[in-house]
Amino acid sequence: MSITRSMMEIVREEMDRHGVKSLKRLKVRIGELTAVEPEALRFCFEAYVKGTPLEGAVLEIEDVPLMGWCAQCSAEFRMEYFLRACPECEGASVTKTTGHELDIVSMEAE
Ligand SMILES: [Zn+2]
């Protein structure tokens, strides 16, 4: 719930800045590692916008999978949370490239 709230605060700030009064569509990107459930976010969003100028806005959620990259062989792969070695060369220089996202991608106003 607090994630939704801080996200919506950003949206409100952006709307104020651009003098936008009502919102048509909001697109967000959620990384796998954030542990945010899209359905929970949607539920919180609906509850949050009810009775506000944001009511009726469509929430679009884009899931971002956890991906890894190997510094040894430059392989990119779908990463499991517990994975510590590269599936290609078994090297240990593996870094997470995506999965931490919690971004507002775009906002569409009336
Ligand atoms: Zn590798």
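Residues numbered from 1 in each chain as written. Predicted model: local features only at pLDDT ≥ 70, side-chain atom pairs only at ≥ 80, totals over all residues.

Describing the sheet that holds strand β2 (residues 58-64)
Turning to step 1, where the next piece is worked out: Spatial strand order, β2-β1-β6: three strands in an open sheet with mixed pairing. The open sheet has two edge strands, β2 and β6 (102-109), and neither has a second partner. On average, adjacent strands in this sheet sit at an angle of 15° to one another, irrespective of strand direction.
Turning to step 2, where the next piece is worked out: Sheet analysis places strand β1 (residues 23-31) next to β6, joined by seven bridges and oriented antiparallel. (Pairing = 2+ DSSP bridges. Helix = DSSP H or I, 4+ residues; strand = E, 2+ residues; numbered from the N terminus. Axes fitted to C-alpha atoms, helices over the stretch in contact; angles between N-to-C directions.)

Digging into the confidence of the model for the protein
Turning to step 1, where the next piece is worked out: For the protein, mean pLDDT is 89; residues scoring 70 or higher make up 99% of the total.
Turning to step 2, where the next piece is worked out: Element-level pLDDT for the protein is lowest in helix α1 (residues 2-18), with a mean of 84, against a maximum mean of 95 in strand β3 (residues 67-70). (pLDDT = per-residue confidence, 0-100.)

Considerations on the environment of M15
Turning to step 1, where the next piece is worked out: Checked against the element boundaries, M15 lands in helix α1.
Turning to step 2, where the next piece is worked out: Note on M15: 17 C-beta atoms within 10 Å, which makes it partly exposed.
Turning to step 3, where the next piece is worked out: Sequence-wise, M15 and M107 are 92 residues apart; in three dimensions their C-alpha atoms are separated by 8.9 Å.
Turning to step 4, where the next piece is worked out: For M15, the contacting residues outside a window of four places in its chain are V20 and L23. (Buried ≥ 20, exposed ≤ 12 C-beta atoms within 10 Å, placed from the backbone. Contact = placed C-beta atoms within 7 Å.)

Brief notes about the nonpolar core
Turning to step 1, where the next piece is worked out: M7, V11, L23, L26, V28, I30, V36, L41, C44, F45, L54 and A57 together form the largest nonpolar core, which totals twelve residues.
Turning to step 2, where the next piece is worked out: Looking at this core element by element, the count peaks at four residues for β1.
Turning to step 3, where the next piece is worked out: If we skip the residues at most four places from it in the chain, V11 touches L26, I104 and M107. (Core = buried A, V, L, I, M, F, W, Y, C linked by C-beta atoms within 7 Å.)

Brief notes about unusual backbone geometry
Turning to step 1, where the next piece is worked out: In this model, S74 sits at a positive phi of 60°, which is unusual for a non-glycine residue.
Turning to step 2, where the next piece is worked out: Take S74: it is sitting in the loop between β3 and β4 (76-78).
Turning to step 3, where the next piece is worked out: Residue E90 is not a glycine yet carries a positive backbone phi of 65°.
Turning to step 4, where the next piece is worked out: If you trace the backbone, E90 turns up in the loop between β4 and β5 (94-98).
Turning to step 5, where the next piece is worked out: Exposure remark for E90: the 11 C-beta atoms within 10 Å place this residue in the exposed category.

Re the sheet that holds β4
Turning to step 1, where the next piece is worked out: Taken in spatial order, the three strands line up as β4-β3-β5 in an open sheet, and their pairing is antiparallel. Taken across any chain shown, the strands that pair with only one partner, and hence form the sheet edges, are β4 and β5. Within the sheet, the average angular offset between the axes of one strand and its neighbour, ignoring direction, is 35°.
Turning to step 2, where the next piece is worked out: Inspection of the sheet shows β3 paired to β5 by four bridges, in the antiparallel sense.

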